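Chain residues, written in single-letter form:
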Amino acid sequence: MSMVPVAVPMQEDRHEILERVLLNGVGNKNTERAYRRALEKFLAWYDAGGYREISRQVLEQYRAESKAAGASSSSTNLKLASLRRVFRRAADAGLVDRE
């Protein structure tokens, strides 16, 4: 799945929509907590950066800044895995383009 820039819903709705998409079907509470935390951290970073779309370049910037801030590779990879799950499920639900 390649990624094209995707407009993100309004901030008030976005968190709820993305969290629901991310956590749908997650049965393990620890996994749910880790996914929720990763999404919250990404959205805080995204909002602080003033981004309007999510693209591969935005995610690569997030990865680079996370590592530069001292996050371990495993921590960064867990965050990105959570975000991939969000985008994959959002595409399945027709909320974003699979391109």
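Computed from a predicted structure; not experimentally measured. (Residues numbered from 1 in each chain as written. Predicted model: local features only at pLDDT ≥ 70, side-chain atom pairs only at ≥ 80, totals over all residues. Heavy atoms only, no water.)

**Section: the environment of Arg88**
- By the element assignment, Arg88 lies in helix H4 (residues 73-92).
- As for Arg88 and Val21, which are separated by 67 residues in sequence, their C-alpha atoms are 9.4 Å apart. (Helix = DSSP H or I, 4+ residues; strand = E, 2+ residues; numbered from the N terminus.)

**Observations regarding helix H2 (residues 29-48)**
- In this model, H2 (20 residues) spans 28 Å end to end at C-alpha, consistent with the 28 Å of a helix rising 1.5 Å per residue.
- Burial in H2 covers these residues: Glu32, Ala34, Tyr35, Ala38, Leu39, Phe42, Leu43, Trp45 and Tyr46. Taken around the axis of H2, the buried residues stretch over an arc of 165°, which confines them to a single face. Set apart from the buried face of H2 by more than 90 degrees, the exposed residues are Lys29, Asn30 and Ala48.
- One or two positions beyond H2, positive phi appears at Gly50, with a value near 70°. (Expected span 1.5 Å × (residues − 1). Buried < 20%, exposed > 50% of the residue type's maximum accessible area, 1.4 Å probe, protein only. Arc of directions from axis to C-beta.)

**What about the nonpolar core?**
- Grouped together as the largest cluster of nonpolar side chains are 18 residues, with contacts concentrated most on Leu39, Phe42 and Leu83.
- Counting residues per element, the ones that place at least two in this core are helix H1 (11-23), H2, helix H3 (56-68) and H4.
- Not counting chain neighbours up to four residues away, the residues in contact with Leu39 comprise Leu18, Glu19, Leu22, Leu83 and Val86. (Core = buried A, V, L, I, M, F, W, Y, C linked by side-chain atoms within 4.5 Å. Contact = heavy atoms within 4.5 Å.)

**Some words on the packing of aromatic side chains**
- Evaluated as defined, the whole model comprises 6 aromatic pairs.
- Taken together, Phe42, Trp45, Tyr46, Tyr51 and Tyr62 form an aromatic cluster joined through their ring pairs. (Phe/Tyr/Trp six-rings, centres within 6.5 Å; stacked < 30°, edge-to-face > 60°.)

**Quick look at the environment of Tyr35**
- Here Tyr35 lies in helix H2.
- By relative accessible area, which is 16% here, Tyr35 ends up buried.
- Ignoring anything within four residues of it in the chain, the contact list for Tyr35 reads Leu22, Leu23, Val26, Ser82 and Arg85.

**Quick notes on the confidence of the model for the protein**
- Chain-level pLDDT for the protein is 78 on average; 81% of the residues reach the 70-or-more range.
- H3 holds the highest mean pLDDT among the elements of the protein, 89, whereas strand S1 (residues 6-7) holds the lowest, 50. (pLDDT = per-residue confidence, 0-100.)

**Looking at the pattern of salt bridges**
- With the rule as written, the count across this model stands at 3 salt bridges.
- The salt bridge involving Glu60 is made with Arg63; its shortest N-O contact spans 3.7 Å. On the criterion of helical spacing, the pair formed by Glu60 and Arg63 is a turn pair, its members being 3 residues apart in helix H3.
- Glu60 gets classed as partly exposed once you look at its relative accessible area, which sits at 41%. (Salt bridge = Lys/Arg side-chain N within 4 Å of Asp/Glu carboxyl O.)

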